[in-house]
Amino acid sequence: DAGITQSPRHKVTETGTPVTLRCHQTENHRYMYWYRQDPGHGLRLIHYSYGVKDTDKGEVSDGYSVSRSKTEDFLLTLESATSSQTSVYFCAISESILSNQPQHFGDGTRLSIL
Amino acid sequence: GQNIDQPTEMTATEGAIVQINCTYQTSGFNGLFWYQQHAGEAPTFLSYNVLDGLEEKGRFSSFLSRSKGYSYLLLKELQMKDSASYLCAVRFQYNFNKFYFGSGTKLNVKP
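Residues numbered from 1 in each chain as written. Chains lettered and ligands numbered in written order. Predicted model: local features only at pLDDT ≥ 70, side-chain atom pairs only at ≥ 80, totals over all residues. Heavy atoms only, no water.

Residues and elements named next belong to chain B. Position of Asp52 relative to the elements: it lies in the loop between strand S4 (44-49) and strand S5 (53-57). In this structure the C-alpha to C-alpha distance between Asp52 and Ser71, which are 19 residues apart in sequence, comes to 9.3 Å. If we skip the residues at most four places from it in the chain, Asp52 touches Leu64, Ser65 and Arg66. In terms of polar contacts, Asp52 uses its side chain to reach the backbone amide nitrogen of Arg66, at 2.8 Å. (Helix = DSSP H or I, 4+ residues; strand = E, 2+ residues; numbered from the N terminus. Contact = heavy atoms within 4.5 Å. Polar contact = N/O pair within 3.5 Å; in protein donor to acceptor, adjacent residues only side chain to side chain.)

Structure representation (structure tokens):
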């Protein structure tokens, strides 16, 4: 199994509070991704990183920011959480973007915004 | 989105064969991945196709037709533990960084 750790695994918080989710990898992979998964929508990309300090937006980036100050850590921040951000969040990593390289996923963070 | 379409749910019997389909837009296609996801768990990589034809891995096989924008995952000798969601993901040439996922097919295997 790929060495990916997401923290926390579960979190309940209130609307308007800031929330930071952490993804830590031990594989030294260059590419890291944050997805959210909601019923009926599948996995949707929030942000991704293609190197230290190099990030870009995915299809559902509004209300989220990310940072990657070192290879092993990719942080996802909800500046002011809203109920629509209640979801399961998955981090993924990839060694390269060569066409046959899959992404490998962490165990997810279940986030509830009340 | 990139119009990645899969059936929402399927039911099959233990020991049988089931085929899960995935269609996608053909423009810029650069590879298709299948993942398995058990309830409450992370998706895990099953197979990869970029050329036309069938790729076999034990009880699981995946087929691709690039001209038709069509793939299927074939599961043989179904077991109860195969009850899971199966996700189709496509990579396109215009952005190698991104995978585009279908909504997933929930497979229920009954005794």
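We are not done yet, so read on.
Let us now look at the sheet that holds strand S1 (residues 4-7) of chain A. All names here are of chain A. A sheet is described by the order of its strands in space; here four strands give the open sequence S1-S3-S8-S7, paired in antiparallel fashion. Only two strands of the sheet have a single partner each, and these edge strands are S1 and strand S7 (64-70). The mean inter-strand angle of the sheet, taken between neighbouring strand axes irrespective of direction, is 15°. As paired strands, strand S3 (residues 19-25) and strand S8 (residues 73-78) are joined by six bridges and run antiparallel to one another. Following the sheet pairing, Thr20 is matched in S8 by Thr77. (Pairing = 2+ DSSP bridges. Axes fitted to C-alpha atoms, helices over the stretch in contact; angles between N-to-C directions.)

Facing the 19 residues of chain B at the interface are 25 residues of chain A. Carbon and sulfur atoms supply 55% of the area buried between chain B and chain A, which totals about 1800 Å² over both sides. The tally of links from chain B across to chain A stands at zero salt bridges. Across the contact surface, chain B and chain A share three residue pairs in polar contact (both at pLDDT 80 or more). Breaking the side of chain B that touches chain A down by element, the ones donating at least two residues are strand S3 (29-37), S4, strand S8 (84-92) and strand S9 (95-101) of chain B. With six residues, the top contributor of residues to the side of chain B that touches chain A is S9 of chain B. (Buried area = accessible area lost by both parts, 1.4 Å probe. Salt bridge = Lys/Arg side-chain N within 4 Å of Asp/Glu carboxyl O.)

This brings us to the nonpolar core. Residue and element names in this part refer to chain B. Ranked by size, the top nonpolar core spans 23 residues in total, and within it Ile4, Leu32, Trp34, Leu75, Tyr86, Val90 and Leu107 carry the most contacts. Looking at this core, the elements with two or more residues in it are strand S2 (18-23), S3, strand S6 (60-65), strand S7 (70-75), S8 and strand S10 (105-110). Tallying contributions element by element places S8 first for this core, with five residues. With sequence-adjacent residues up to four places away left out, Val90 is seen in contact with Ile4, Tyr24, Phe29, Gly31, Leu32, Lys98, Phe99 and Tyr100. (Core = buried A, V, L, I, M, F, W, Y, C linked by side-chain atoms within 4.5 Å. Buried < 20%, exposed > 50% of the residue type's maximum accessible area, 1.4 Å probe, protein only.)

Moving on, we come to the environment of Gln85 of chain A. Residues and elements named next belong to chain A. Looking at the element boundaries, Gln85 is found in the loop between S8 and strand S9 (87-94). Classification of Gln85 by relative accessible area gives buried; the value is 5%. Each residue touching Gln85, except ones within four places of it in the same chain, is listed here: Arg36, Asp62, Gly63, Tyr64, Leu78, Ser80, Leu111 and Ile113.

This paragraph deals with the packing of aromatic side chains. Two measures describe an aromatic ring pair: the distance that separates the ring centres and the angle between the ring planes. All names here are of chain B. Enumeration over the complete set of coordinates arrives at 21 aromatic pairs over all chains. Here the aromatic rings of Phe33 and Tyr48 are separated by 4.9 Å at their centres, their planes lie at 45°, and the arrangement is tilted. Taken as a pair, Phe33 in strand S3 and Tyr48 in strand S4 lie far apart in primary sequence, 15 residues in all. Here the two residues Phe33 and Tyr48 agree in accessibility, since each one is buried. Aromatic pair Phe63 and Tyr72: ring centres 4.9 Å apart, planes at 20°, arrangement stacked. By relative accessible area, which is 24% here, Phe63 ends up partly exposed. (Phe/Tyr/Trp six-rings, centres within 6.5 Å; stacked < 30°, edge-to-face > 60°.)

With that settled, the discussion passes to the pattern of salt bridges. On inspection of all chains with the given rule, the structure shows seven salt bridges over all chains. A salt bridge links Asp38 of chain A to Arg36 of chain A; the nearest nitrogen and oxygen atoms lie 2.8 Å apart. The same class applies to Asp38 of chain A and to Arg36 of chain A, which are both buried. Among the salt bridges present, the one from Asp52 of chain B reaches Arg66 of chain B, with a minimum N-O distance of 3.0 Å. Of this pair, Asp52 of chain B sits in the loop between S4 and S5 while Arg66 of chain B sits in the loop between S6 and S7, placing them 14 residues apart in sequence. Asp52 of chain B gets classed as partly exposed once you look at its relative accessible area, which sits at 43%. Among the residues examined, Arg66 of chain B registers a relative accessible area of 38% and is labelled partly exposed.

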